Amino acid sequence: MVKHPNELSYNREIGRQLKLLEDFEFSKRDRGISFTLDMFDEFRFDKSGKVSFIDFIREEVKKRYQFKEISASTYQNHMNFVSGLEDFGRIRTFSDLTLKKIVEFDRYVRTRKNVSLQSTVWAYHKRMKIYVNLAIKRGHLKMEENPYLNFHVEKGKQGDRKY
């Protein structure tokens, strides 16, 4: 994509999706299975035939932006959150949303580059909770399966700005 205000982030996302698809294809080939276009749905959907949690978030972010529920900067922040969740790699499907995985995600966020403040860690969890709650509303999860019922993150204080 060229000559678009968000071309860098879009091209990064296209590259990330292409890599995920290639990894999926190679995992099939490694097991002696020929990759066909019919397998694309297997890549995009979880075993139950439902959209994966990451795709669900991505689609919800795009809808919220399209209907002007969120600003351009919020859209970018949420897409960066999706990238971070993909980089973490342990929460892909709705069934991956467990307390254990949320604790692992918390540890992962705290070790990321450019995450030095507790308020930044809190922001990652704030975004995750938005989409966990939307998944519950849309029927992808049951209320009692919400991992945040037993997990709390302190907001922390905003650090001093350097400019």
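Bear in mind that the values here come from a model prediction, so they are computed numbers and not experimental data.

Q: Please explain the pattern of salt bridges as it appears in this structure.
A: Oppositely charged side chains can form a pair if their charged atoms are brought close together. Tallied over the full model, the rule gives 9 salt bridges. In this structure, the salt-bridge partner of Arg58 is Asp55, at a minimum N-O distance of 3.0 Å. Within this pair, Arg58 and its partner Asp55 are both found in helix α3 (residues 53–66), separated by 3 residues, close to a single helical turn. Residue Asp55 is classed as buried on the basis of its relative accessible area, which comes to 12%. Of the charged contacts in the structure, one is a salt bridge between Glu60 and Arg138, with a shortest N-O distance of 3.0 Å. In this pair, Glu60 is assigned in helix α3 and Arg138 in the segment after α6 (118–137), connecting sequence segments 78 residues apart. Classification of Arg138 as partly exposed rests on a relative accessible area of 45%. Through salt bridges with shared partners, one network takes in Glu13, Asp55, Arg58 and Glu86.

Q: What is the right way to read the side chain of Thr93 from this model?
A: With respect to the helices and strands, Thr93 occurs in the loop between α4 (72–88) and α5 (99–111). Overall, the relative accessible area of 17% leaves Thr93 in the buried class. Side-chain polar atoms of Thr93 contact the side chain of Ser95, separated by 2.9 Å.

Q: I'm lost on the packing of aromatic side chains in this one. Help?
A: Given two aromatic rings, one states the distance between the centres and the angle between the planes to describe the pair. Counted according to the given criterion, the structure contains 10 aromatic pairs. Ring plane angle 70 degrees and centroid distance 5.5 Å describe the contact between Phe53 and Phe94, whose orientation is recorded as edge-to-face. Here Phe53, found in helix α3, pairs with Phe94, found in the loop between α4 and α5; they are 41 residues apart in sequence, far enough to count as distant. Residue Phe94 is classed as buried on the basis of its relative accessible area of 5%. Ring geometry for Phe81 and Phe105: centres 6.3 Å apart, planes at 90 degrees, overall edge-to-face.

Rules behind the numbers
Residues numbered from 1 in each chain as written. Predicted model: local features only at pLDDT ≥ 70, side-chain atom pairs only at ≥ 80, totals over all residues. Heavy atoms only, no water. Salt bridge = Lys/Arg side-chain N within 4 Å of Asp/Glu carboxyl O. Helix = DSSP H or I, 4+ residues; strand = E, 2+ residues; numbered from the N terminus. Buried < 20%, exposed > 50% of the residue type's maximum accessible area, 1.4 Å probe, protein only. Polar contact = N/O pair within 3.5 Å; in protein donor to acceptor, adjacent residues only side chain to side chain. Phe/Tyr/Trp six-rings, centres within 6.5 Å; stacked < 30°, edge-to-face > 60°.

Without other data, these values stay purely geometric and don't point to any function.
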